[in-house]
Amino acid sequence: MVLALTVCGIVVALVVLGLFVFGLRRRLIQRSGGTFDCSLRWDAPEKGDSGGKGWAYGVARYNGDRVEWFRVFSYAPRPRRVLERSAIEVAGRRVPEGEEELALLSDAVILACLHRGTRLELAMSEDALTGFLAWLEAAPPGQRVNVA
């Protein structure tokens, strides 16, 4: 009986510690400001495929001329993807369709982009999208920016 209670106590403590580390990591990512909720689909399919597969929920952070994207459900301290402003080409925007409506947040708008030849899609709120497009267009003089 004592062994069972000890094991249960250890399991509960590990779960609480794991949740605490998730919260602490998110707090550290957001500490410098300039963050927004952003789902990402890397190597996105061509137009016409609105399946909900491939989306990962995350947090994006502006860092100079880059956007760093972190998975929410990860303990990694480093960003999973880094998008450079000069390499992002906006191909269009759309609203979620079909299964995507279930895979994304309710107010999400999808921005189709190319980054160094890789097709990707970013899903974010309308406010975050406005800020992201303004950040893209605010490139320093001489930098190429491709916003559709």
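Procedures and definitions
Residues numbered from 1 in each chain as written. Predicted model: local features only at pLDDT ≥ 70, side-chain atom pairs only at ≥ 80, totals over all residues. Heavy atoms only, no water. Helix = DSSP H or I, 4+ residues; strand = E, 2+ residues; numbered from the N terminus. Rg over C-alpha atoms; globule rule 2.2 N^0.38 Å. Buried < 20%, exposed > 50% of the residue type's maximum accessible area, 1.4 Å probe, protein only. Contact = heavy atoms within 4.5 Å. Lys, Arg positive; Asp, Glu negative; His and termini not counted. Charge placed at Lys NZ, Arg CZ, Asp CG, Glu CD. Pairing = 2+ DSSP bridges. Axes fitted to C-alpha atoms, helices over the stretch in contact; angles between N-to-C directions. Phe/Tyr/Trp six-rings, centres within 6.5 Å; stacked < 30°, edge-to-face > 60°.

A. Summary view of the overall build of the protein chain. Along the backbone of the protein chain there are three helices and eight strands. Listing each helix as α and each strand as β along the protein chain from the N terminus yields α-β-β-β-β-β-β-α-β-β-α. Over its C-alpha atoms the protein chain spans a radius of gyration of 19 Å, topping by over 25% the 15 Å that the globule rule assigns to 148 residues. Overall, the protein chain is about 70 × 35 × 25 Å in size when its C-alpha atoms are taken along their principal axes. By the burial criterion, 35% of the 148 residues in the protein chain qualify as buried. Taking all contacts inside the protein chain whose residues are at least 6 apart in sequence as the whole, residues at least 24 apart take part in 52%. Put simply, the protein chain has 19 plus and 17 minus side-chain charges, and the middle of one group is 9 Å from the middle of the other.

B. Just the sheet that holds strand S3 (residues 58-63), in detail. Overall, antiparallel pairing links the four strands, which are arranged S1-S3-S4-S5 in an open sheet. In this open sheet, the two edge strands, each paired with only one partner strand, are strand S1 (35-37) and strand S5 (81-84). Between one strand axis and the next, the sheet turns by 25 degrees as a mean value, whatever way the strands run. Across the face of the sheet, helix H3 (residues 126-137) comes into contact with S1, S3, strand S4 (66-71) and S5 while running at roughly 30 degrees to S3.

C. Just the packing of aromatic side chains, in detail. Inspection of the entire model under this criterion finds three aromatic pairs. Summarising the aromatic geometry, the rings of Tyr62 and Trp135 are spaced 5.4 Å apart at their centres and angled 45 degrees between planes, so their arrangement reads as tilted. Residue Tyr62 is located in strand S3, and its partner Trp135 is located in helix H3; the two are separated by 73 residues in the primary sequence. With a centroid separation of 5.8 Å and an interplanar angle of 35 degrees, the aromatic rings of Phe132 and Trp135 are classed as tilted. Taken as a pair, Phe132 and Trp135 lie in helix H3 at a separation of three residues, close to a single helical turn. Classification of Phe132 by relative accessible area gives buried; the value is 1%. For Trp135, a relative accessible area of 11% corresponds to the buried category. Here the aromatic cluster, defined as three or more aromatic residues joined through ring pairs, consists of Phe36, Tyr62, Phe132 and Trp135.

Shape is all these values report; function is a separate question.
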